[in-house]
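Secondary and tertiary structure notes
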Amino acid sequence: MNRAVQTSVICAICALTTAVAPLAANSPLRSHVSFLASDELEGRLTGSAGERIAADYLAGELEKLGAQPLPGSDGFKLPFEFTAGTSDGGTTLGLTSADLDKEWSGTDSVQALSFSENASVTGGVVFAGYGMVVPESQDFGYDSYATLDVEDKIVLVLRYFPEEMDQESRSTLARYSGLRYKALQARERGAKALLVVSGPRSPNAGETVAMTFDTAVAGSGIVAASVGGAVADQLFEFVADQTLDQAQASLDDGNPHVTGFEIPGVELTLDVKVERERRTGHNVVGVLPGGDSASADKPYVVLGAHFDHLGRGKNGNSLARREEAGGVHYGADDNASGAAAALMAAGRLAGMERKRDVVVAFWSGEELGLLGVNAFLDGAESETALDADNTVGYVNLDMVGRMKDNKLTIQAAGSSSVWPRLIEQSNVPVGFDIQAMDDPYLPTDSTAFNGISVPSLNLFTGSHEDYHRPSDTADKINYDDLERIARFSALITYKLANLETAPEFVKVAPRTDRGGNRDTVRAFTGTIPDYSTEVEGLRLSGVIEGGPAAEGGLQEGDVIVEFAGQTIANIYDYTYALDAVKIGEPVHVVFQRDGERMEVTITPRARK
Ligand SMILES: [Zn+2]
């Protein structure tokens, strides 16, 4: 602890509870936000140079406050690895026939699909039209595979869906035209690989498919690549009576009776190489030692905020308008505001006598799917794992810089019965109009603590038109109210730190399935998918009480590997499988529990 902190101990409590004069222009909040949301940091994308500069800055600030690294850690910066994107590492396609041998390479000719497995496969070729299957439940009757046997074959399909149909049919088909879904259909029918071509009558005609950002999702269980138009044309030279263009034309009126066919006399060898780029992100975590934590039942209280943002918005979660695209996403409100307020609150807490230690955490990887906080809680990066046995509660700040009309939203308040009282007491000196909401299943870091049964809260001043756009800039932050939020955060953390006994955790029942596409999935199973872990299959973070899954005997932690006869490798498979089930008809589910393979039957109900 440095000397400046020690001399401020006496007055720390009065600073928390007395009114303060309006801020001077040189508030530390303003300088924290301005630095974090500066051009130099380029939007703080996890794993980027800007993120590292931000992490260094926050670590430096923690040091100034007299914080210490977590026991067992060398410093404040705690690295974690993640998949930042995919690229093609030299995929090739070879053709063998009686009178022609050919090999293609180069991404204009053949390029891995980002979800492909890495493998080399050889087999005959079947053209399967658009490669689409509309589930029976949709009463639509479209199955590209109806008359085809593709077992051990390499399947060639057209990208997108039939072009010349009426609007209603197109919108039905569009839903089943995703490449992951097409790959799933091919895999389920025993195909060795999927090749995709953008047909001559389609958008992006003849072009290979760009490899997209595809992070948290495990592989698709099949080898898959896209090929250029010239490659597909070459294959169609082995077809006696039509060209690819003619085949597409006959499919485009949507006639489901136009079937695919085997391309005779050809064998292909597809060798797919996907490079998954691993990068390192950094959480920044320090401990403000307390007076007497040894005597506390649980020694830690945690105060945190994510500090990463979207960089230049190229990972699919940007809401930039066309003219803003590619610009630095400054993320002043999201979440330089929360990081700055947490720092200020930490400064207030540093010198105060407390029963428990305060852990101050700045998470990275939040925008990519809570990667940092989950890596931390999994304990991979530090000897000191925070868990329900040593942590009394977690206070999170995410987007707290745009307060309007004195309104503060406090989320996850249902996660402990202690919150209403602590919120009310902590609000006395600041006097916000507080809207408390119970639901702890939020798209922010507090959800990870809820997941390990630690009471959590999230503070939030509301969304706005600059959300996830380059226009979320430091000049738009309401610094006076942000300072009050910092005081409130410090006070509620302080109260939590001094509770005689640790508050109980309350498990809030989720409102609904959160899987897939909520407005289109019609079947209700009462499963709660876990989006944060990379397992083969679908891990359940819980089941809804009284729902079909619970009644069937599924429980938290189960990993579904087969659903209604379909192999489930990931959340996408599961969403598609859900589309296909019929309401009221029992479904066979195979799952892993503690390494053991088990089976149950559940009966989906109609979603209300
Ligand atoms: Zn965000």
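See above for the structure.
Please read all numbers here as calculations on a predicted model, not as lab measurements. (Residues numbered from 1 in each chain as written. Predicted model: local features only at pLDDT ≥ 70, side-chain atom pairs only at ≥ 80, totals over all residues. Heavy atoms only, no water.)

**Some details on the pairing of strand β5 (residues 119-127)**
In the sheet, β5 pairs with strand β9 (residues 261-272) via nine bridges, with the strands oriented antiparallel. Paired with V125 across the two strands is I263, which belongs to β9. Where β5 lies against strand β6 (residues 154-158), three bridges are found, and the strand directions are parallel. Within β6, the residue paired with V125 across the bridge is I154. (Pairing = 2+ DSSP bridges. Helix = DSSP H or I, 4+ residues; strand = E, 2+ residues; numbered from the N terminus.)

**Brief notes about unusual backbone geometry**
Residue N335 is reached from D334 by a cis peptide bond, and omega for that bond is 0 degrees. Along the chain, N335 turns up in helix α9 (residues 332-350). Located in the positive-phi region is D152, a residue other than glycine, with phi close to 65 degrees. Not every positive phi belongs to a glycine, and N406 is a case in point at roughly 65 degrees.

**Digging into the coordination of the zinc ion**
Ideal values differ by geometry: the angle at a metal is 109.5 degrees with four tetrahedral donors, but 90 or 180 degrees with six octahedral donors. Every protein donor of the zinc ion is accounted for by D334 (OD), E367 (OE), E367 (OE) and H468 (NE2), and the metal-donor separations fall at 1.9 to 2.5 Å. Metal-centred angles of 56 to 143 degrees between the four donor atoms at the zinc ion mark the site as irregular. Mapping the donors of the zinc ion onto the primary sequence gives the spacing D-x32-E-x100-H. Taken as a pair, E367 in the loop between β12 (357-363) and α10 (371-378) and H468 in the loop between β16 (456-460) and α13 (479-497) lie far apart in primary sequence, 101 residues in all. (Donors = N, O, S within 2.8 Å, 3.2 Å for Na, K, Ca; no water. Tetrahedral: all angles 85-135°; square planar, octahedral: opposite > 155°, others 65-115°.)

**A look at the side chain of D88**
With respect to the helices and strands, the residue D88 is situated in strand β1 (residues 77-88). One buried charge, D88, has no salt-bridge partner; the nearest side chain with opposite charge is K273, at 8.3 Å. At a separation of 2.8 Å, a polar atom in the side chain of D88 contacts the side chain of T91. Only 2.7 Å separates the side chain of D88 from the backbone nitrogen of A112, close enough to count as a polar contact. (Buried < 20%, exposed > 50% of the residue type's maximum accessible area, 1.4 Å probe, protein only. Lys, Arg positive; Asp, Glu negative; His and termini not counted. Salt bridge = Lys/Arg side-chain N within 4 Å of Asp/Glu carboxyl O. Polar contact = N/O pair within 3.5 Å; in protein donor to acceptor, adjacent residues only side chain to side chain.)

**Re the environment of V301**
When you line up the elements, V301 lands in strand β11 (residues 300-306). With a relative accessible area of 0%, V301 lands in the buried category. For the pair V301 and V392, spaced 91 residues apart in sequence, the C-alpha separation works out to 5.4 Å. Residues within four places of V301 in sequence aside, it is in contact with D357, V358, V359, V392, G393, T493, L496 and A497. (Contact = heavy atoms within 4.5 Å.)

**Here's the deal with the packing of helix α3 (residues 28-36) against helix α4 (residues 49-64)**
Two elements in contact, α3 and α4, have axes whose closest approach is 10 Å; the angle formed by their N-to-C orientations is 155 degrees. Judged on the interaxial angle alone, α4 and α3 are roughly antiparallel. Contact residues: S31, H32, F35 and L36 in α3; I53, A54, Y57 and E61 in α4. Tallied by class, residues from the contact of α3 with α4 come to five nonpolar, two polar and one charged. (Axes fitted to C-alpha atoms, helices over the stretch in contact; angles between N-to-C directions. Parallel < 35°, antiparallel > 145°, perpendicular 65-115°, else oblique. Nonpolar A, V, L, I, M, F, W, Y, C, P; charged D, E, K, R; others polar.)

**Some thoughts on the pattern of salt bridges**
By the definition in use, this model includes 19 salt bridges. Taken together, the shared-partner salt bridges connect R402, D466 and K476 into one network.

**Observations concerning the sheet that holds β9**
Each strand in a sheet pairs with another by means of backbone hydrogen bonds, the pair being arranged parallel or else antiparallel. Across the sheet, eight strands lie side by side as β3-β2-β9-β5-β6-β7-β8-β4; this open sheet has mixed pairing. Unpaired on one side and paired on the other, β3 (101-105) and β4 (110-112) mark the two borders of the sheet. Neighbour-to-neighbour, the strand axes of the sheet open up by a mean angle of 30 degrees, direction not taken into account. In the sheet, β4 pairs with strand β8 (residues 223-227) via three bridges, with the strands oriented antiparallel. Along β8, the bridge assignment pairs Q111 with S226.

Everything listed here is a matter of coordinates, which is why it stays silent on function.
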